[in-house]
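# A closer look at the structure
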Amino acid sequence: MGYVAIKGGGKAISGAEKLLEFVRTRQGQSAEPLDLDTIENQLYFLHSRIMSEGGLFHPKLASLAIKQSLGDTLEASFALRAYRSTKPRLVESPVLDTSSMRVIRRISASFKDIPGGQMLGASSDYALRLMRTELLDESPEAFKAVAAKWLDENRHDDIPDTFPKVLDALREEGLLPPVDEAAAEKKPFDITREPLVFPVPRSAALSTMARSETGSILAIAYSNMRGYGDIHPTVAELRVGYLPVMLPHPITGELIEVGEVLMTECEVVAMYEDEEDGGKPTFSLGYGACFGHNEVKAISMSILDRALQSGMKNGPTNPSEDPEFVLLHIDGIDSMGFCTHYKMPHYVTFQSDMDRLRTTQDKHDDKNPGADNA
Amino acid sequence: MLKQDLLGAHVNPIWLADTQQALFNSLMQALSRPGQLENWTKWLENSPVYLAVLATLLDGEVSLADVDGLLKDDHWPLLQAQNVHSEQAHYALCDGAKAISFQPKLGTLSSPDFATTIILKVSKLDTHHGDIRLKLTGPGVNGETQVSVSGIDQAWLEQRNEWCSAFPLGIDCILVDDTQIMGLPRTTKIELIETTQNEDLN
Amino acid sequence: MNRTCCKIPRSLWIRALKLVPVDEVKAVIDSVIHEYDVSYKSIPQSGLGVLQTKDTAMHEPYFLGEIPIATSWVALTDKQGNTFEGAAQLMDDDENLASLFAVCDAILENDLMACCKLADLVEMGDFQFKKEALTRKAMLGSTAVDFSLLGATNEENKEDKSA
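These figures come from a predicted structure and were not determined experimentally.

Moving on, we get to the pattern of salt bridges. Throughout the structure, instances matching the rule amount to 40 salt bridges over all chains. Between Asp152(A) and Arg155(A) there is a salt bridge, with the nearest N and O atoms lying 4.0 Å from each other. Of the two residues, Asp152(A) and Arg155(A), neither departs from the other in class, the shared state being exposed. Two residues, Glu257(A) and Arg15(C), come together in a salt bridge whose shortest N-O distance is 3.0 Å. Residue Glu257(A) is found in strand E4 (residues 255-273), and its partner Arg15(C) is found in helix H1 (residues 13-17); the two belong to separate chains. Residue Arg15(C) is classed as buried on the basis of its relative accessible area, which comes to 13%.

Turning our attention to the sheet that holds strand E3 (residues 83-90) of chain C. Pairing in this open sheet of four strands is mixed, and the strands run E1(A)-E1(C)-E2(C)-E3(C) from one edge to the other. Among the strands making up the open sheet, the edge pair consists of strand E1 (89-92) of chain A together with E3 of chain C. Adjacent strand axes in the sheet meet at a mean angle of 30° when their direction is disregarded. Direction of pairing for E1(A) relative to strand E1 (residues 37-54) of chain C: parallel, over a ladder of three bridges.

All names here are of chain C. When you line up the elements, aspartate 78 lands in the loop between strand E2 (61-77) and E3. Note: C-alpha distance between aspartate 78 and threonine 4 (74 residues apart in sequence) is 20 Å. Reaching out from aspartate 78, the side chain makes a polar contact with the backbone nitrogen of asparagine 82 at a distance of 2.8 Å.

Time to look at unusual backbone geometry. Of note, the amide linkage connecting Phe198(A) to Pro199(A) takes the cis form, showing an omega dihedral of 0°. Following the sequence through the fold, Pro199(A) ends up in the loop between helix H8 (181-184) and helix H9 (202-210). In this structure, the amide linkage connecting Phe167(B) to the following residue, Pro168(B), adopts the cis form with an omega of 10°. Of note, Pro168(B) is situated in the loop between helix H5 (154-163) and strand E9 (172-176).

Here we come to the side chain of His58(A). Position of His58(A) among the secondary structure elements: in the loop between helix H3 (44-54) and helix H4 (59-68). Here His58(A) falls in the buried class, since its relative accessible area comes to 6%. Beyond its immediate chain neighbours, meaning those up to four positions away, His58(A) contacts Met51(A), Tyr83(A), Pro68(C) and Asp93(C).

For the rest of this paragraph, the subject is the environment of Glu66(C). If you trace the backbone, Glu66(C) turns up in strand E2. Judged by its relative accessible area of 2%, Glu66(C) is buried. Linking Glu66(C) and Val50(C), residues 16 residues apart in sequence, is a C-alpha distance of 4.4 Å. When neighbours within four sequence positions are excluded, Glu66(C) is seen to be in contact with Gly55(A), Leu56(A), Phe57(A), Arg84(A), Arg89(A), Thr192(A), Phe291(A), Leu48(C), Gly49(C) and Val50(C).

Now for the nonpolar core. Judged by nonpolar contacts, the single largest core of 140 residues is most densely connected at Met209(A), Leu64(B), Val25(C), Ile29(C), Leu76(C) and Phe101(C). Ranked by the residues each element gives to this core, the list is headed by helix H3 (residues 95-110) of chain C, at ten residues. Here this core spans two domains, since at least three of its residues come from each of domain 1 (10-85) and domain 2 (98-122 + 160-336) of chain A. Met209(A) has contacts with Ile217(A), Lys297(A), Met301(A), Leu304(A), Asp305(A), Leu308(A), Leu327(A) and Ile330(A), leaving out every residue within four places of it along the chain. Within the second largest apolar cluster, 23 residues are counted, among which are Ala92(B), Val122(B), Leu136(B) and Val149(B).

Residue and element names in this part refer to chain A. The strand order E2-E3-E4-E5 describes an open sheet built from four strands, whose pairing is antiparallel. What marks the edges here is a single partner per strand, and that holds for strand E2 (102-107) and strand E5 (282-291). Each adjacent strand pair in this sheet contributes to an overall mean axis angle of 25°, direction not counted. Judged from the five bridges that link them, E2 and strand E3 (residues 234-248) form a sheet pairing that is antiparallel. Bridge pairing in E3 links valine 103 to glycine 241. Relative to the sheet, H3 contacts E2, E4 and E5, its axis offset from that of E5 by approximately 105°.

Residues and elements named next belong to chain A. Domain boundaries in chain A define domain 1 (10-85) and domain 2 (98-122 + 160-336). Spacing between the C-alpha centres of domain 1 and domain 2 amounts to 29 Å. If you look at the interface, domain 1 gives 16 residues, while domain 2 gives 22 residues. Both sides of the domain 1 and domain 2 interface together cover about 1600 Å² of buried area, and 61% of this is carbon and sulfur. It is Ser52, Phe57 and Arg81 in domain 1 that bury the most area against domain 2; as a group they hold 36% of the surface buried on that side. At the surface where domain 1 touches domain 2, the tally comes to two salt bridges. Between aspartate 331 and arginine 81 there is a salt bridge, with the nearest N and O atoms lying 2.9 Å from each other. Summed over the shared surface of domain 1 and domain 2, the result is nine residue pairs in polar contact (both at pLDDT 80 or more). Looking at the side of domain 1 that touches domain 2 residue by residue, the class counts come to seven nonpolar, four polar and five charged.

Criteria and thresholds
- Residues numbered from 1 in each chain as written.
- Chains lettered and ligands numbered in written order.
- Predicted model: local features only at pLDDT ≥ 70, side-chain atom pairs only at ≥ 80, totals over all residues.
- Heavy atoms only, no water.
- Salt bridge = Lys/Arg side-chain N within 4 Å of Asp/Glu carboxyl O.
- Buried < 20%, exposed > 50% of the residue type's maximum accessible area, 1.4 Å probe, protein only.
- Helix = DSSP H or I, 4+ residues; strand = E, 2+ residues; numbered from the N terminus.
- Pairing = 2+ DSSP bridges.
- Axes fitted to C-alpha atoms, helices over the stretch in contact; angles between N-to-C directions.
- Polar contact = N/O pair within 3.5 Å; in protein donor to acceptor, adjacent residues only side chain to side chain.
- Contact = heavy atoms within 4.5 Å.
- Core = buried A, V, L, I, M, F, W, Y, C linked by side-chain atoms within 4.5 Å.
- Domains from an automatic or database assignment.
- Buried area = accessible area lost by both parts, 1.4 Å probe.
- Nonpolar A, V, L, I, M, F, W, Y, C, P; charged D, E, K, R; others polar.

Laid out in structure tokens, this is it:
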């Protein structure tokens, strides 16, 4: 059976495209088009999410992707991912140390007195989740006054540029496994160049999770939190900040700051295990990080990193420990693509399904004459 | 955003995207129609053809071996390719008049594309006259075609046939003279039907 | 290395120049570029860079994601035949901006014409960066948690006051 060529949809398709553009603009005369800076600032978390799920730190294009997709996070990330696939790879950065991050938020759930202190930064953690009705009819003047007033009232020159990591203090106390020097020398797996053929190294899992879809990674991490797993994580440190991106100067090789990326980073400390080889028991660790300010994603990733380490070492005992299950189901572009394709014409395959059903029905009727009429 | 070339620097056209797209198209033609000569004169502006081929095909993610030292130091940052030993290279640039000095990658059965592409410089490609007359058959050739190559060590052609004897393993070749290119993909069968003046090269 | 006009280290020039209006940088370069014959050591290009970091739990390197990168490497030859090289890479899509900054790099590094004007712009950009850094510090300072209040006898009241 060959494919049936389908014609006649061309006009309808271009009509649908134009209609979507009408929907985007139908607010009409009273409306202002969204400008990209507005999206980046007033839709800060959405913007962060798109950069992390797209896997490309490009604030301007992330805003554009949000605008053109009418706020559909999957479509916006897809647009960013599609853009990146058209660009040549020019450089690979040296291994950047995230402890040089210019922090705007750092908290710990393990100790109250962490070295350098806890600073909440901008957070909705303490919000009452009540409707702020005063924003219903916010005047531009009031809006503009808020930031100016905040800047005016808040000056703190006595804050250090960078902060020590909580984990380093725990490691010094001998509560954590020593740093695996061999792992530090490993060449990372590049998910943009190589397909995931299992088993994959941990670096492949980290990269895949860093650009995963927030809801998907949360759902699988949540299964572990609820009981399909036994990580019992404690957030050692969650930080948000700007990581300076350093690249070697083409002429001198000296490291040059070429820009900075906003990122979220989380380390969890989890259940300790008795070492099989008789070594000293220590806490196990999980790590999560992604572009932008996305705390739920970073925490989910750190829990799954810990779960996957168990699965890679001892074999999975639940879905969240199975690298193949986790890593092949958390990418938003993959999963939405598969889901969306079901809307495409399947006329031929469905025709064949119907033929087979009818044949089977006929056979059934032959074997059971008169059954349907009974 | 600035979009014009604000420095007013002169750039040889082979490094510009528009040219490279046209040349890539021409390369595809050449590899689709083995034995057909593509003339690149109008694009070159004094650059050797092999440099234009490399400029079109290479970027920072692939490797190149300059087997016979045809490139200048200045070319490398422009080409951006990693400079590697000939046995590991994705691309190898060779002088056809010189003897073969290495074993290229022939790919693997699961990934025959992981083979070396050889850019072979000869002195002259011509449809009628030359040192060695070749008969080409295979995909992309209507029946058979003939072409003459000058300034090539005959051993290259014999060795090339040997390398391509276990399809899909093999190498793809791009022959270049001063102004023209010719594709010899691994699928093409080459027969030497006439050789003259070969002793000069040996 | 005969640099005297710019006190800010080379590693921070790009960061500072990005915070200066492009037109101001371009105006300075336009005023001197005709003194040189410009050529490219590598073709100005825009594309992506992959960001490699190491996880802070196990210190294992991995790729966090990709960033836009524009890059350019220029050579300026003056009328006496002296050649000066400069290069720039920055997180941007515009290779022409990279070329502009590569010329700045050559001028600042070699104390060429207009280097003092450029050095002023670099200082201006550096000031902008420091201003932004202060805002970030204010974000931290204004939300620093003071746990010492927990230990105080009159715990409840004091927390109330600080809130």
